[in-house]
Amino acid sequence: MLETLTRVPPDPILGVSAAFQADPSPDKVDLGVGVYKDEQGKTPVPRAVRTAEQEVHAAQTTKTYVSPTGLPSYNALVAELVLGSDHAGRRTDLSLAQTPGGSGALRLGAELLNAARPGATILVSDPTWANHIPLLGTVGLKVDRYPYYDAQNPSVLFDRMIGHLDAQPAGTIVVLHACCHNPTGQDLTPAQWSEVAAVVARRGLMPFMDLAYQGLGEDLDRDAASVRLMARAVPEMLVAVSCSKNFGIYRERTGLLLGLSSDGERAGITTGHLGRLARTLWSMPPDHGAALVERVLSQPALRQDWMTELSHMANRINSLRGLLAERLSAVSGVDYGWVAAQRGMFSRLPLSSGQVAFARDHHHLYMPPDGRINIAGVSPANVDRVAAGLIAAVRS
Ligand code: LMR
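In short, a report on the structure. In this text, all values refer to a predicted model and were calculated from it rather than measured experimentally.

1. Examining the site of the ligand
Move 1: In the region of the ligand, the neighbouring residues are I13, V33, G34, W129, N182, Y213, K245 and R372.
Move 2: A distance of 2.9 Å separates an oxygen atom of the ligand from a polar atom in the side chain of W129.
Move 3: In the environment of the ligand, an oxygen atom lies 3.0 Å from a nitrogen or oxygen atom belonging to the side chain of N182.
Move 4: Its free accessible area being 260 Å², the ligand has 79% of it covered by the protein chains.
Move 5: Each of domain 1 (11–44 + 303–395) and domain 2 (65–298) contributes no fewer than three residues to the shell around the ligand.

As structure tokens, then:
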């Protein structure tokens, strides 16, 4: 039976890591997968998470099942981190399910939406995270795009985005990157978010927000402001939350699907569906990462230490942005100030897949074929080489 399967092409993002590992050059730089890197080029486990790991290990007396929707105290703490202490006024309308990473939350949300409206249209930004379309589309939803980014003149195509959303029928699902837009790093301004929320509410669209980088753009509150704004504007929405990046626990697969319903009774029904769907997908989510996050968020000293380290990570990324923008501008004679102004781990350079291959083959710079670079892969030690190689690729 399996002989009917044909070979799959390498994953556009994970394939870059494999190619990077195989390159023996001491000059190679990994600008690929979206993981944070410190001054030594390592992806650290935050201090607070390491302490929580010891405490959880010491306190744990059983590894019996938790439940298909996960650990309730973890769900509640992450929901509060996202919505704020007042829950954006929606405390009783929540449905929460712990998921295997943000990807699991996206998948569970897509399954829920397809159960509610089989074959509904789901719009993603153009461009979007490479895994959005496979994750969301294989459920049965019809994936389409809305205009978002002008690559030649790095900026949001806001009028076209709004015009497109304003022409959609009620019930269309819209995936929105809450902060640190992946792959462009170009976020909406607070004023633009207000306009988007108004159109979504007026047209009766269903927002599905992807929050994978809370705390890595500006800070925990400002990075979640778009979600809180939307939660106050619409009766129903979904949010896929990832703890991979801000807690540095990528491989622990720790996420949350947060649903808002029009009232508490609908929220209870939605929670029932989330549990049933999770049971058919992974039965129960993995526990360890959620136990760590629960510990960090519930212990004031650990929480404070984690917030300090997270803000160091965000500041470091933003200062690397400034450094790279300055070197790119100096090497090329063209203004790359937009790289400094964007937020989060990514910027997308105007490179074709051929130019990306040129950067890899001639300068040992590794990035996905769409020209997305992970700013955290840049360092004061390699920034000259990175800038020279990227500009050579732009000109190739
Ligand atoms: C990324 O966008 O690089 C990360 O979120 C990792 C992934 O799964 O693609």
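2. Describing the packing of aromatic side chains
Move 1: Following the criterion strictly, the structure yields 4 aromatic pairs and no others.
Move 2: With 5.6 Å between their ring centres and 80 degrees between their planes, F20 and Y366 make a pair best called edge-to-face. Highlighted residues: F20 in helix α1 (residues 14–22) and Y366 in strand β12 (residues 365–366), separated in sequence by 346 residues.
Move 3: Of the residues examined, Y366 reaches a relative accessible area of 7% and is grouped as buried.
Move 4: Measuring from ring centre to ring centre gives 4.2 Å for F247 and W306, while their planes differ by 5 degrees; the resulting arrangement is stacked.

3. Some details on the pairing of strand β10 (residues 255–260)
Move 1: Of all 6 residues that make up β10, 6 are buried, and the element is covered over most of its length.
Move 2: Every second residue of β10 is oriented toward a common face, with G255, L257 and G259 on one face and L256, L258 and L260 on the other, all of them buried.
Move 3: The pairing of strand β2 (residues 94–99) with β10 spans 6 bridges and is classified as antiparallel. Paired with T99 across the strands is G255, a residue of β10.

The rules we used
Residues numbered from 1 in each chain as written. Predicted model: local features only at pLDDT ≥ 70, side-chain atom pairs only at ≥ 80, totals over all residues. Heavy atoms only, no water. Near = heavy atom within 4 Å. Polar contact = N/O pair within 3.5 Å; in protein donor to acceptor, adjacent residues only side chain to side chain. Areas by Shrake-Rupley, 256 points an atom, 1.4 Å probe, with all protein chains shown as cover. Domains from an automatic or database assignment. Phe/Tyr/Trp six-rings, centres within 6.5 Å; stacked < 30°, edge-to-face > 60°. Helix = DSSP H or I, 4+ residues; strand = E, 2+ residues; numbered from the N terminus. Buried < 20%, exposed > 50% of the residue type's maximum accessible area, 1.4 Å probe, protein only. Pairing = 2+ DSSP bridges.

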